[in-house]
Structure formats: C-alpha cells, structure tokens
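Residues per chain are reported as follows:
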Amino acid sequence: MKITTVFLLTVALQASANGFGQKITLFMKNAPLEQVFKEIQKQSGYAFVYFNEDLTLTKKVDINVQSLGLTEVLERCIKDQPLTFTVTDKIVVIRKKPTEVTALAVEIAPLPVDVRGRVINEKNEPVEGVTIAVKGTARATATDVNGTFELKGIEEGATLMISNVNIESQEIKLNGKAELTINVKTVVRSLDEVVVTGTAMAVSKRKLGNAVTVLKSDDFSVSGSTSIDAALAGKVAGAQVMQNSGDAGAGISIRLRGVSTIFGNSDPLIMIDGVIINNESPTIIDQQGTAQNRLVDINPNDIERIEVVKGAAAAAIYGSRANNGVVQIFTKKGKKGRTTIQFQTGLRTNFLRKKIEVNRYPETWVEPNNNANKNKMPATRYDLQEDIFKPSVTTDNYLSLSGANDQTSYFLSGSYLKNKGILKASDFQRITLNARFTQNVTPWAKLEYGLNYINSKSNDIPSSRGFGAVSGFVFANNAINPAPSFGVYPKLSTLSNPLEVIDRFKFGQETNRFIGNVQGKFKVTPGIDFTIITGVDNYTQRGSGYIPVSNTSNTPNGYALTGTYTSLQFNNDVLINYSKKTNSFNYVTTAGGTYQYSRNSIFRIEADNLSLLSQSTEGGRITSRTDKRTERDITGYFLQQFVEYKDLVNITIAGRTDASSVFSKDNRWQFYPKVNTAILLSNFEFWKNGNLANAIPYLKIRAAYGQSGNVTGIGAYDRYTIYNPVNYNGLGGLAPATQLGNTTVKPERQIEKEIGIEAELFNRKLSVEVNLYHKKLKDLLVERSMAGSSGFASRFENIGEMTNKGWELSARYNVLNSKTFQWDVTGNVSYNKNKVDNIQSTRIVLAGGFDVAVVQNSYAAGAYYGTYYARDEKGNIVTDNNGMPQRAVDANGVIDKKIIGDPNPEYIYSLINEFRIHRLKIRFQFDGVQGMDVFNYNRRIMNQSNLYANGPQIEKELKGELPKGYGTAQFNIFEEFIEDGSYLKLRELSVSHPITFKNRKWPTLNLSLIGRNLVSIDNYSGWDPEINYAGQSNAVRNFDFTTIPVPASVELKIAVNF
Amino acid sequence: MKIRKYLLHIVLLLCLASCTKDYTNPNAPTEEESVSSRQGLFAIAIGVKQYYATFGFSSLVANGLVTRELAATNTFTGLLELEEGGGALTPENSYVNGIWNAMNKTSYMCNQLLDNAEKVDLSPETRNSMKAYAQLYKAMALGQMAEFFTNGIITQSKENNAAFFNRDSVLKAAIALLENADALLAQTPISQEFNNAVIKSELDVKNCANAFLSRYYLLTAQYAKAITAGLKVNLTVKSQFVYDAQNTNPIYTAVYVGVQNVAPRDNFGLPAVQTGDKRREFYLEPLAANSTVNNIPIEKLKGFFDANKAVPVYLPGEVMLNLAEAYARSSQLNSAVQYLDMVRTKTNDIFGVNATLPPYTGAATQPAILEDIYYNRCVELFLQGLRLEDSRRFGRPAPPNTPDFYSERSRNYFPFPASERLNNKNTPGDPAI
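Predicted, not measured: the structure shown is a model, and the values here were computed from it. (Residues numbered from 1 in each chain as written. Chains lettered and ligands numbered in written order. Predicted model: local features only at pLDDT ≥ 70, side-chain atom pairs only at ≥ 80, totals over all residues. Heavy atoms only, no water.)

1. Some remarks on the overall build of chain A
For step 1, the next point in the chain: Scanning chain A for helices and strands turns up 15 helices and 56 strands.
For step 2, the next point in the chain: Radius of gyration (C-alpha) of chain A: 35 Å, near the 31 Å computed for a compact globule of 1058 residues.
For step 3, the next point in the chain: Along the first, second and third principal axes, the C-alpha atoms of chain A reach 130 × 65 × 65 Å.
For step 4, the next point in the chain: With 1058 residues in all, chain A has 57% of them scored as buried.
For step 5, the next point in the chain: Taking the intrachain contacts of chain A between residues at least 6 apart in sequence as the baseline, contacts between residues at least 24 apart amount to 68%.
For step 6, the next point in the chain: Surface exposure of chain A reaches about 42,000 Å², of which carbon and sulfur atoms provide 55%.
For step 7, the next point in the chain: Here chain A holds 119 positive side-chain charges and 102 negative ones, and the gap between their average locations is 3 Å. (Helix = DSSP H or I, 4+ residues; strand = E, 2+ residues; numbered from the N terminus. Rg over C-alpha atoms; globule rule 2.2 N^0.38 Å. Buried < 20%, exposed > 50% of the residue type's maximum accessible area, 1.4 Å probe, protein only. Contact = heavy atoms within 4.5 Å. Areas by Shrake-Rupley, 256 points an atom, 1.4 Å probe, with all protein chains shown as cover. Lys, Arg positive; Asp, Glu negative; His and termini not counted. Charge placed at Lys NZ, Arg CZ, Asp CG, Glu CD.)

And the structure:
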C-alpha cells in the first residue's frame, strides 16, 4: 500500500473512439504538459505513462501544429523541458532526462549500473527485510539479515524506494552511486502488526476487537533461555510464565489470565505455523517435579514471531481447546535477496544464585529425641550444597541458511545445544533440524511445507523423594561425613546419600520428534481464498532409570525402570475466506473446518532386586508395569463474519461448533459463539479535525465476548465405569476403578467478557493498552467425591464454577531517540483473582499436593489448607509450659485446619528498559509477582528437631535460644511454612554490540553478553520462590520441596551473518 | 474447476474422518461388558480377592496403630493422626477413608457377582461356588466395617443414599451370608471349574465360612453357635491370601518399601511378653531403635510380612481361641482352658505360629482365663486385624479424650469419612471417641 501512495503513477489508458489516427492537430496556449498529453492521447489513441512529479518542474507550452506525426509533436512539446520520451506499442513513456547527461552523451542510452547497499537503523544495526524498489519499474529486492542488498543493471539515475513496516519510508536518488549506506529511522508501531491467531484471517492489530500480544524475535533473542516458553516470562501482560525447576531441561508452566480448570490443564494451546503441537509433560521416569514439557524441543532461534491470544473472547474459533488461550509460533521463512547464512554460538555458565542456610553448629544432641536431655557432643557439620551443586557450562550452536526468489523461498537450520545442569552430572542436549519451503506453483496457488526433526536427550539426576539428590540433601543429617569410605556411601537419613545419587544412579530420557506440515493457499476467484493445512506431530520419548545393587536408597537391592511414550497428533484444517469491498464497507466471511486426531501409548516396567551390574529390568523382579493406549479426535467447523465501516468501526461475529470423541453422543456437539467490536475513535472526522488528534493521534476502544471449551479435564474413556485389569497369582482379573462413569459429562465452558482501550500519545511516542476481563468457567469438571457406600470414590460431573477477574495494563514509551542515544521503556502490570464455587464437596484434595493443595468453594484453585497456630486475643502464638507453639483446635478440641495460603499471584508485572548508546545496546528486564504464597516444605523437614536437624533453626535450639524440640512442635503447624513468595527479578540483562567491517564481503558480527535470573529481590527463605515440586501440575503450585532451584546464568553469544 | 474438486475432496475427507467417534477403550472393559459374561464374572471374582488382599489390608495398619501393635515411623499426617487418636483423628483421615471405601467396594463387587451369577450361563455347581465365594468375601468386608465403625452399609448404592445399619445388624448380615454359603457348599462343593478359574486352592471356602462364623457369632455373643461353627473348621487346611511381585504383601510394603510408614512396637505393644513365648521370635526381631516422630521403641517386623509371603485368612490359633473364649463366656471353664492350652502349647502350627508355652496355670476363674485368652489373642493374632475388636470386647481401658501414645487403644471407633457424610444424608453421627 505504502509504495503506491508515495508516488503517483498515472496510467491513462483509453480505448480511443478516433481509431489509430497518427496525424495530430493541436492549438494550445500556455497549456500544462499534462493537458497537452491528454489531447494527444485523445487524437492518437496512444497511452501516456509518466510520473506526475516529473511534470511538476516542466514549463507550460504554446503549441500550434496541423496534421503532424506523433513523434514530431512530442518533440515540440518537450523541447526545452527536462524530459525524454520513447514510443513503443502505442505507449508513450515520458521520462525525466538523466541529469548528468551531457550534450555529447545524448545519443548514448543510459548506462545500467549494479548497485549494492546496506540498510542500517539509527543504532547502526542492519535492518533485515527492507524492500528496495526501483521507482517506476517492477524491479525490487529485499535486504538480508546483514541489511545488505544488490540490484543489478538499473539506470544510474534511478530512484530507490526504501520501505518496510518498521521503518519510515524514504526515497534515495542514486545519482550514479553504486555503493550506498542507507540510514533509516525505526518506527515504534506495535499496533500496526498483523495478527492471524484467533481471527483466521490476517487482521491489523489496529482493527482487532480483542487483546492479542505479538512478540518478535528481537524480544526474545537475548533472553538467555533455552526454551521459548521460558523466554516469554515478563513479556506478555496477564501471563504467568513459571519455570518449575532448575533442571537442565526443566518444565515451564504458562497461565494466561489465571488457572482455568481444576482437573484439566491450564496451559495454552500451542500452535506452530497454524498447526497444533503437543506440549505435554509425560512422566515416563518419575523424576518428581522435573518433567520436561515438550515445547523444550523447539529452538527459539527458528522463531520469527509469537502471537499470544489470552482468552475465550479471542480464541473462540478454536472451540473446545481454547479455554486457556492460544500461543501461536511463526517460524522464520526465507526472504528475497541473496542467500543468508547465520551462525550463532553461545557459551553460558549457570550457577546457584544463593545457598540456603544450614545448621553450622559444631555440636549435636546426644539424645535428639529426648527433649529433657540437653547433653551435647562435638560434631563436624557439612554443607552438602557444596557437594551437589556446581556451576555448569552450556554451549549452544546454531546455523541457518535461507534465501528466496520470486517463486521459491527456503529456510534451513540446524542446532546443537548442550545444557549442563547445576545439579552435578545432569544435562540436557538438543539437536534440531528445521526446513521450511514456500513455492508459488501458479499465480493462484502457493505451497508451504515445513519439516522439523528434534532429538532431545537428558541425563537426569533424580532430585526428589526416596532416591533424589536434593531430597538427600534436605533430609540429610549434616553431622555425618557424606563422603564414601572404602567405596561405601554412608547413610545420612532414610533417603539416599545425595553423593551416591550423583555418582552411581543413572536416569535419563531421550525424545525423537518429527513435526511436519504442508499448507496450500489458493486464490479461487478474486475475493475468495482457500487454505488447507495438514500437520503431523509425532514423537517417541524413552526413559530409563538405574540404581545399582547395594546402595543407600530404599531399594538397596537395585532398581531399574524403562518406559516408552509415543504420541501422534494429526490435524487437518481448511479455511475459506471471501472478502468484498464497497465504498463504505469491507466484508470478510470466513468458514473453516478442522479435524484433529491424537493417539498415544505408554509402556513402562519397573524392577527391583537386580542382577549385579545389570542396568536393565531384565534380571530383576518386575514390580510394576504400565501398558496403556488412548485415541481421541475432535471435529469442528466455524463461520465468521467481519464487517468494517470506513476504517471507523468493525464488528466480528463467529460461531464454532465441535465434537470431541471424549464425550458421549448426546453431549458431543458443542457450540461456541463470539462477537467483538472495535471503534477507532481517532479515525472519526471530529477527532481528526479537533485538537484531540494532536494529543491522542490514535485511540481505539474495543469490546469482546466469547465462549470456548476445555476438553483436557477428562480422559478419552473417563465417561465409562471401567473395570481395570489386575493380575493375581497368575490369573487375570477385573476390579472396578475408583471412579464411577458418567456419560452425561460435557466440555467445560468458559464465557469471557473483555473490554479494552488502545491509545498512542505524545507524538505516538507512548502507546498504551488497557484490558479488563471477566472469565467465568461453568460446567467445570469436578471429580466430585462419592459416598464410599456407593462402591466408588468419585465421579466426574459438570458442577463446578470458577471465575477469573482481572485487568492488564501495558505501555511502551520511547523516552529518547537521537542518533547517538535511544531509550525505550516497555512495561506491563496485570491483576487476576481466581475463585472456585459449587464443587459440591467440602473440599477436593488435589493429587500430589501433600494433602495441602485443595479446591474449596470461595477460594482460589490450589489454595493451601492445613493446621495453624493457636493464638491468643492479641494474636500471639500460644505456647505450652515448655515454650512449644500449639496448634489451633476447634470447639470440640479437634485439631483444626483452614485455608492458610494461596499460590496464585495477585499481580504480575514487568519493566523492560532498552538503551542504545551509539551502537552499544543495553537491555534489562525486571519482572515479578506480588501476592503469591509458597509452601517451604524443605524448611519444614530441615528444621524438624528430631529427624535430621540440618536446618538453621536447629542452631538456635542447640544454642538455647529456642527450646529443644521447637522445630518438632512447629512441624505439624503448616501455617509456619507458608511464606510470601512475591519476588522481583532481574530476569534478563544483556549488552550487545555489532562489529562490522569496511569490506562488505566480510561477515558482520554481533557480540552479546546476556545475564539471566541474576538478582531476585524477595523475602523468601528458600533458594527461590519460583519453583514447583509438582512440576507442570495444573493447580498444585509453589511447593518448594527437594526441587532443583532455578539457576542464574551468564552467556556470551556471538552471531555471525554472512 | 480443479480447485473446486480439491475442495470437495477435503470437505468429504473431513466428514468421513469425523464419523468414527466411538473409540473402544483397549485398556479396560466397561462395567456392562464385565458383568454380562461368564468370563467377566470369573474375572471380577479374581478381582475381588486381589482387591481385598491388597487394598483391603490397609486396615491392618490402621488397626495396628490404634491398638499400639505398630508405631508410625513417618511424618504422614494420616499415620500420625491414628497414633495420636482421640480428637486428632479427623473424618478426612486417609486410612479411615481407605478402610471404609475398600470394604464398601469389596461388598459392591460381591454384589455384582451375586446379582449376575443367575444371569449368565454357568453350571449349577459353578454358580453355587461363585455365590458362596462372593458371600464369604462380602461377609469378611462387612465384618471389617463393623470392627471400625458403629454403623455400616449392607447394600451399596450408586445414588449416594445407601442405608446404614448398626454394627450388630451388619455382623448379623455377615453371619447370614456365611450360613448361606455353608448351605450352598453342603449341596455342591466348590466346582473344579471355579477352583481352577478363580480360587486356585488358595483358600477353602467352606472352612473359611465356618472360621468366620465362629468369629462373628462370638462378636454377637452367640456362644453356642460360635462353638458349633468353630468345631466344623478343619485346622489342618491352610487358607491364605497370596502375594507376588505385582501384588506385594501390603504390610511388607508399608514397613519396608520406599519410605517406611510403620514399625512394630516392642513387645507387640503389650506391657510384657510371657517368658519363653516363642511367638516373639516368629513375629519380631529385636532392634534398639525408636520411632522417628513420637519416639516409641520399635522392633523389626518378621512373621508373615515378607514381600511375597502369604498371609493367613484366619489362623488355626484364632479358631482355638474363639472356642476357648466362647466356652469361657458360657462359663464352661475347663473346655475353655483346654482350647487355650492348645494354643499355648502348640508346636505344630500349619503356619508356624508356635507359642511353645507351658499350659495355663493361672486362676480357674472366668476373668483370669479371659485375661490369658486376650494376651494370647494379642500375640498369636498379631497384625491379623483383630485387636481393636478384641480390645473392646475384652473391656480393655477405653482411651481418654486426649490419649497418650501408650494408652491401650487410641480410639474406640472411627469417625465416618467426610466424603460419606457430605454425600450420604443417612450418615449417623460420629462417635465421640
């Protein structure tokens, strides 16, 4: 669009009534050339092609000719004018005379030249993807990653038109120059982005009726994280992105506008290039809190752009899978211009940001269990953190090759990441191969195909429970030397010696994954587009574990497990778009259909009593076996109508209906409507003409309503009352599952209302976006309790309700912008309140939540429930005669419990500052949460006086500052261990500087130094409040129990562009 | 035109694909499928014994903790509440829920067998066998329910509205079931087919029925009947719950696998063990250790509690002690002492539980004899899940409102599970303690 508005090329074509008469008669005085040409055109039937602006400098002419030939007439007209003309095929092309042409050179045709150039922005960075068009011709090219371009054989007097959505367009006259450096000015125009997620058609963000966040590769290229979901932290208003452990391949949870189910999954639907991909966290080996989620397989370097769509109002067209929002990832494609090769290498060191306090007292109790006996004996204390954690090194190498011509584009990349964990001997490595091609088959058909192969492999040191390294530390009696003596590791507690876990136990996983998609885009007739997308995501994850015979774990005779999980997902989507424009209205009708099929299977066996030195289950005694297969599908259709009136107001109405095989016939088909509208106030005449336009050049208000579903809350066959196979004494039997079937269940339904305002102020230097939303989840699937006298323990029913209410504010401000110094600030704040109702159980105790994480009416999902301190009227803790704190009891003297904490954050915020000083770029991102509780289970164990007594509070007991056994008294008062987990982190800090050489043939370099998680400001007594023992669990959140803390890291990254 | 053809193809493909929505679950059959064939019923019958022998046995841990046979060696709230007893035991306690749910589920499965045995093709012998077998297991489940709760359920209801009966009625229902089983087996013994397909000679249904009859008659103070039933038990036949690698001995699992949950207290949790009582060595191995949380002296567990070791359905010693007690309570003291001495002097027990003690030399009074019977029950039937019932029946001291860790029992009865009270309005009030 831009190009055509910058210059006006007038093509006057006429089917002349006068036939092809060549003789022209003219009598005109003081006439503009334009008028003369028109007259000649009328008489001759020849078309005239010229640039209006070329005529602006011309003189008016007096002409009087009778029946003269065309060429002679033209010569007379432009005599003394700075113009030339050519006549071919009944077209007269009028051009400006080459300015430097001397009289002698008149006869010589203008010399074609080869032009090379480089486009850089005010930060002296190359700008990729800038269109360089030769004015008045069809010649064009685009800059590559180095910002360079080349145009061969163009006129030396040509004018180049430089344009791209992110820069101010400009024109440059060559004036014979063959080497150019073009300085362009970047424009901050996040609202001009085009969004496709949730709309099924490309829509300018300016026109959207709902909130969508768009991130570009620049936003996450210096994040210092290995997975794309981790890189999202702090960059999307209303999104809580949490790394659940510090394992080398750690899992990440994303919550868009809060948790939105009890038993399902609240992680958003993830799509890559329009294809739904699998982001499950299968736990083949029970790593206890450090399961990988499969988005870890995607290399962030391959990503061009990410769109985050937050709720039902926006995502309704994804139907039964849209409750948690949609994150759509767009991978890079080849761009026109010469072949681009990019190589990146990173070297990173990861380290434990802080150690926690341990008992350092040089004495121990003679009789720890007897509080009356205060005798002590000397002891040497050890800090096992020094033995299990060590700074680790990560290397990340990436190579890509891309290019395109008019018909074909390609993008090829390969990478190798080796991420060593801070827990000794643990690592994660990833090999990716990615290829993406587009092919224009015919003018009306375009094919795109993408292939992605990933091999992810990890050596996992189990961190938790009976045979973990971190649990071994938390539970260890630190008055015992943990080092092996004559090859035998001493037992430090009932759990494994962590040193032995690191040295001798072997746990690991490997995933082989293939993601492929084919897309066809067809222009059926003008106005009708047809798209078909077929995608496959297939992976096999293998896991194994081995604990050798004779060890300190609870399986002293050895333990082995092996398991395989395979998953296949297939999608087929078709989209038909029909658009029509009238003078005032713009209509787009979209219809679509989808079929999604998935199948998975798990096979897993465990054995103990192994044969010596055998690492497989084969020699051992099989103790557990799992063999399960699941199949399901979803079929859906949607219809959407978009109507826009004069760039002022638009409305979108859509309906989606879909059916999932998970539900019985009667409840299968579900309908989800949505409607949204946007009013671009700043486009109205009264605004434009008033003073308001100066203050607020852009203002939009919007409102959206939508419904969506969630099918993750129920398994493929959960509607049936199932009899599980059992094997007993060699005979196969059947026993009813604990869950009673219910064929009347249906998908959970979310009804979301959202209103928002977007504005640009202060000369468009400040852009602001505010959203208010209300999400109501009804028909929430609750595994409601059953009376035991039914023979069953639970049954799924659509009885629950949940609400998420909140707001989001995000802003971007260009504080300073000069050639040498630029400062941009981006920030966002969001608030969310979650509440559950009508679960028809006193409370639901969530599996894996230590009987503490519950769902209870009027509280947030996953609230903590437990014992609390008995307090007097003044609120002081009641102690007994020995000074021991007491638990609160109810009126009957029964130990009382109540809701004592909430792991859901109230506020999430972030602030990103970007500075550029000359070519040096400094970027730092602070982000944090406020009003979030963490259950510090580690402290509960470590400060228990009688057990292992390695916590810092035991020191006080030994010194006599607290009565002996105080920690034991606290042990069963859970309130004590609920801590405020609010934090503010320096999440990302990066400094980068480009290095360019005079010789253009040399590659350009970019050097970055990136820090991640370097500083955390919090009052939390553990390692890091950002942690979760329950991994990617939906509602069991923020349990700090024997989980590897998230490390800090510093990375040196070099990118080379050829 | 070509494009339109493509389009048509794709739309067709979508429609075709969407037609197959009813996937069969390859992992497990539905209830309807299970109960409607002879193979299904055989499989459920196997499921009953597997379920009872594994999940049903968590009651032994609860019983053991409440009656001081065991000490908790873990920080799990469920265990500590039982050990603490009194008001600390909440209706949410996982063991309270576990026992209630397991017994109701066992009974539910037996109901499925009893309801459907007539509806599928079975030979009359096999049908009788299946019914007798189901009646035995249901009776065992009802007996356990009555041990822990003041009221119980005889017929389960999926509608959350099952009726409650007091424990005496529950026990009488169990007796009726066992009498019925005994009568059925008098008509036709367990069929070869049913034995091969289900029982595999692990237990003798007829003997079990009479052993349990002797127990339940005793609990309902029908001493003469208890004696008749007890005398019908062939004490040389073993009936046991077997275990294997996939179904490990549940007590072994609780004590040894993973994080240790419980350990036996010193002296079976009694003040003292009689000198020379060889059953101590059978069940316990000395250990100079205390439990981790409440600091109670503990030993190492032996007995029937190894990974794959079978656990007796009932011990011959129990039948003898049932007889001794029934005689003693009907004031036939000589017969009482005769059966008591059989236990005290036993050296050839089929399960190896041999006290090898001298005959009873105490006073020939009913209280004194009952006292020694109680002692012998505590030791002979260690961790057989009988001590709570015994402790109440023998009038042992009831727990104070805030019991310490050494009062003989920490509760009389359990509160009803919270999920029951919440969902079934027929749930009676909880016992005070």
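2. Points about the overall build of chain B
For step 1, the next point in the chain: Regarding its fold elements, chain B presents 18 helices and eight strands.
For step 2, the next point in the chain: Computed over C-alpha atoms, the radius of gyration of chain B comes to 25 Å, within 12% of the 22 Å expected from 2.2 N^0.38 for 433 residues, which places it in the range of a compact globule.
For step 3, the next point in the chain: If you line up chain B on its principal axes, its C-alpha atoms span 105 × 55 × 40 Å.
For step 4, the next point in the chain: The burial tally for chain B puts 63% of its 433 residues in the buried class.
For step 5, the next point in the chain: Put simply, 71% of the contacts in chain B that link residues at least 6 apart link residues at least 24 apart.
For step 6, the next point in the chain: Summed over its atoms, the accessible surface of chain B is roughly 15,700 Å², and 55% of this surface lies on carbon and sulfur atoms.

3. Quick word on the environment of Ala248(A)
All names here are of chain A.
For step 1, the next point in the chain: Tracing the sequence through the fold places Ala248 in the loop between strand S17 (239–243) and strand S18 (252–256).
For step 2, the next point in the chain: Classification of Ala248 as buried rests on a relative accessible area of 6%.
For step 3, the next point in the chain: Through-space distance from the C-alpha of Ala248 to that of Leu423 is 8.5 Å; in sequence the pair is 175 residues apart.

4. Brief notes about the pattern of salt bridges
All names here are of chain A.
For step 1, the next point in the chain: As enumerated under the stated definition, the model contains 79 salt bridges over all chains in all.
For step 2, the next point in the chain: The salt bridge involving Lys235 is made with Glu988; its shortest N-O contact spans 2.5 Å. Taken together, the positions of Lys235 in the loop between helix H6 (228–231) and S17 and Glu988 in strand S53 (residues 983–995) put the pair 753 residues apart, joining distant regions of the chain. There is no split in this pair, since Lys235 and Glu988 are both buried.
For step 3, the next point in the chain: Residues joined in a network through salt bridges with shared partners are Arg257, Lys310, Lys700, Arg702, Glu752, Glu754, Glu758, Glu769 and Glu808. (Salt bridge = Lys/Arg side-chain N within 4 Å of Asp/Glu carboxyl O.)

5. A look at the interface of chain A and chain B
For step 1, the next point in the chain: If you look at the interface, chain A gives 80 residues, while chain B gives 78 residues.
For step 2, the next point in the chain: For the pair chain A and chain B, the summed buried surface comes to about 6,300 Å²; carbon and sulfur atoms form 59% of the total.
For step 3, the next point in the chain: It is Tyr723(A), Tyr728(A) and Ser789(A) in chain A that bury the most area against chain B; as a group they hold 13% of the surface buried on that side.
For step 4, the next point in the chain: Here chain A is connected to chain B by five salt bridges.
For step 5, the next point in the chain: For the salt bridge of Glu92(B) with Arg843(A), the shortest nitrogen-to-oxygen distance reads 3.7 Å.
For step 6, the next point in the chain: Per-element tally for the side of chain A that touches chain B: the top contributor is strand S34 (residues 621–645) of chain A, with 13 residues.
For step 7, the next point in the chain: Residue composition of the side of chain A that touches chain B, by class: 34 nonpolar, 29 polar and 17 charged. (Buried area = accessible area lost by both parts, 1.4 Å probe. Nonpolar A, V, L, I, M, F, W, Y, C, P; charged D, E, K, R; others polar.)

6. Focus: helix H5 (residues 77–84) of chain B
For step 1, the next point in the chain: Most of H5(B) sits out of view: six of its eight residues are buried.
For step 2, the next point in the chain: Those residues of H5(B) that fall on the buried side of the exposure criterion are Gly78(B), Leu79(B), Leu80(B), Glu81(B), Leu82(B) and Glu83(B).
For step 3, the next point in the chain: Residues of H5(B) that are buried make contact with strand S48 (897–901) of chain A together with helix H4 (58–66), strand S1 (70–72), helix H6 (94–116) and strand S5 (262–264) of chain B.
For step 4, the next point in the chain: Gly85(B), located one to two residues past H5(B), shows a positive phi value of around 65°.

7. Re unusual backbone geometry
For step 1, the next point in the chain: Of note, Phe486(A) is a non-glycine position whose phi angle comes to about 50°, a positive value.
For step 2, the next point in the chain: Along the polypeptide, Phe486(A) turns up in the loop between helix H9 (469–474) and helix H10 (498–504).
For step 3, the next point in the chain: Judged by its relative accessible area of 86%, Phe486(A) is exposed.
For step 4, the next point in the chain: A positive phi is found at Ser331(B), a non-glycine position, where the angle reads about 60°.

8. Focus: the pairing of strand S39 (residues 731–736) of chain A
Residue and element names in this part refer to chain A.
For step 1, the next point in the chain: A large share of S39 lies buried, amounting to five of its six residues.
For step 2, the next point in the chain: Pairing analysis gives six bridges linking strand S38 (residues 723–728) to S39, with the strands arranged antiparallel. Its bridge partner being in S39, Asn727 is matched across the sheet by Gly732.
For step 3, the next point in the chain: The antiparallel hairpin formed by S38 and S39 contains two residues in its connecting segment, where Asn729 sits at a positive phi of about 50°. (Pairing = 2+ DSSP bridges.)

9. Considering the sheet that holds strand S12 (residues 170–173) of chain A
All names here are of chain A.
For step 1, the next point in the chain: Ordered by their spatial adjacency, four strands build an open sheet running S9-S8-S11-S12, and the pairing between neighbours is antiparallel. In the strand order of this sheet, the two ends are held by strand S9 (140–142) and S12, each with one partner. On average, each strand axis in the sheet is inclined to that of its neighbour by 20°, with strand direction left out of account.
For step 2, the next point in the chain: With four bridges connecting them, strand S11 (residues 159–163) and S12 associate as antiparallel partners. (Axes fitted to C-alpha atoms, helices over the stretch in contact; angles between N-to-C directions.)

10. Digging into the packing of helix H14 (residues 316–329) of chain B against helix H16 (residues 366–380) of chain B
When two helices pack together, their arrangement is captured by the angle between the axes and the distance separating the axes.
Residue and element names in this part refer to chain B.
For step 1, the next point in the chain: Closest axis-to-axis distance for the H14/H16 pair is 10 Å, and the angle between their directions is 165°. As far as their axial angle goes, H16 and H14 are roughly antiparallel. With respect to the hand of their crossing, H14 and H16 are arranged in left-handed fashion. Here H14 contributes Gly317, Glu318, Leu321, Asn322, Ala324, Glu325, Ala328 and Arg329 to the contact with H16, which in turn contributes Gln366, Ile369, Leu370, Ile373, Asn376, Arg377 and Glu380.
For step 2, the next point in the chain: A breakdown of the residues in the contact of H14 with H16 according to their chemical character gives six nonpolar, four polar and five charged. (Parallel < 35°, antiparallel > 145°, perpendicular 65-115°, else oblique. Left-handed = near helix turned anticlockwise from the far one by under 90°.)

11. As for the confidence of the model for chain B
For step 1, the next point in the chain: For chain B, per-residue confidence averages 92 on the pLDDT scale, and residues scoring 70 or more make up 95% of the total.
For step 2, the next point in the chain: The ipTM assigned to the predicted complex is 0.91, against a pTM of 0.77. (pLDDT = per-residue confidence, 0-100.)

12. Focus on the sheet that holds strand S52 (residues 978–980) of chain A
Residues and elements named next belong to chain A.
For step 1, the next point in the chain: If you trace the three strands from one edge of the open sheet to the other, you get S52-S51-S55, paired in mixed fashion. The open sheet is flanked by S52 and strand S55 (1039–1040), the only strands paired with a single partner.
For step 2, the next point in the chain: Bridge count between strand S51 (residues 933–936) and S55: two bridges; the pairing is parallel. When the bridges of S55 are listed, Asn936 appears paired with Asp1040.

13. Here we look at the environment of Ser708(A)
Residue and element names in this part refer to chain A.
For step 1, the next point in the chain: Topologically, Ser708 is positioned in strand S37 (residues 698–710).
For step 2, the next point in the chain: Spatially, the C-alpha atoms of Ser708 and Ala654 are 12 Å apart, while their sequence positions differ by 54 residues.
For step 3, the next point in the chain: Setting aside chain neighbours within four positions, we find Ser708 in contact with Ala312, Gly319, Ala322, Asn323, Tyr672, Glu748, Arg749 and Gln750.
For step 4, the next point in the chain: Within polar-contact distance, the side chain of Ser708 engages the side chain of Asn323 at 2.5 Å. (Polar contact = N/O pair within 3.5 Å; in protein donor to acceptor, adjacent residues only side chain to side chain.)

14. Examining the side chain of Asn207(B)
All names here are of chain B.
For step 1, the next point in the chain: By the element assignment, Asn207 lies in helix H10 (residues 205–219).
For step 2, the next point in the chain: Residue Asn207 is classed as buried on the basis of its relative accessible area, which comes to 7%.
For step 3, the next point in the chain: Leave out the neighbours within four places in its chain, and Asn207 touches Lys232, Val233, Asn234, Val237 and Tyr314.

15. Describing the nonpolar core
Soluble globular proteins: nonpolar side chains tend toward being buried together.
For step 1, the next point in the chain: By size, the foremost hydrophobic cluster in this structure holds 144 residues, and its most contacted members are Ile44(B), Tyr137(B), Tyr216(B), Phe241(B), Tyr283(B), Ile373(B) and Phe414(B).
For step 2, the next point in the chain: Here this core takes 13 residues from helix H7 (residues 124–148) of chain B, the largest share from any one element.
For step 3, the next point in the chain: Excluding its chain neighbours within four sequence positions, the residues that come into contact with Phe414(B) are Ala62(B), Val66(B), Leu82(B), Leu89(B), Val96(B), Ile99(B), Phe148(B), Phe149(B) and Pro431(B).
For step 4, the next point in the chain: By size, the runner-up hydrophobic cluster in this structure holds 66 residues, among which are Val358(A), Ala861(A), Tyr937(A) and Tyr948(A). (Core = buried A, V, L, I, M, F, W, Y, C linked by side-chain atoms within 4.5 Å.)

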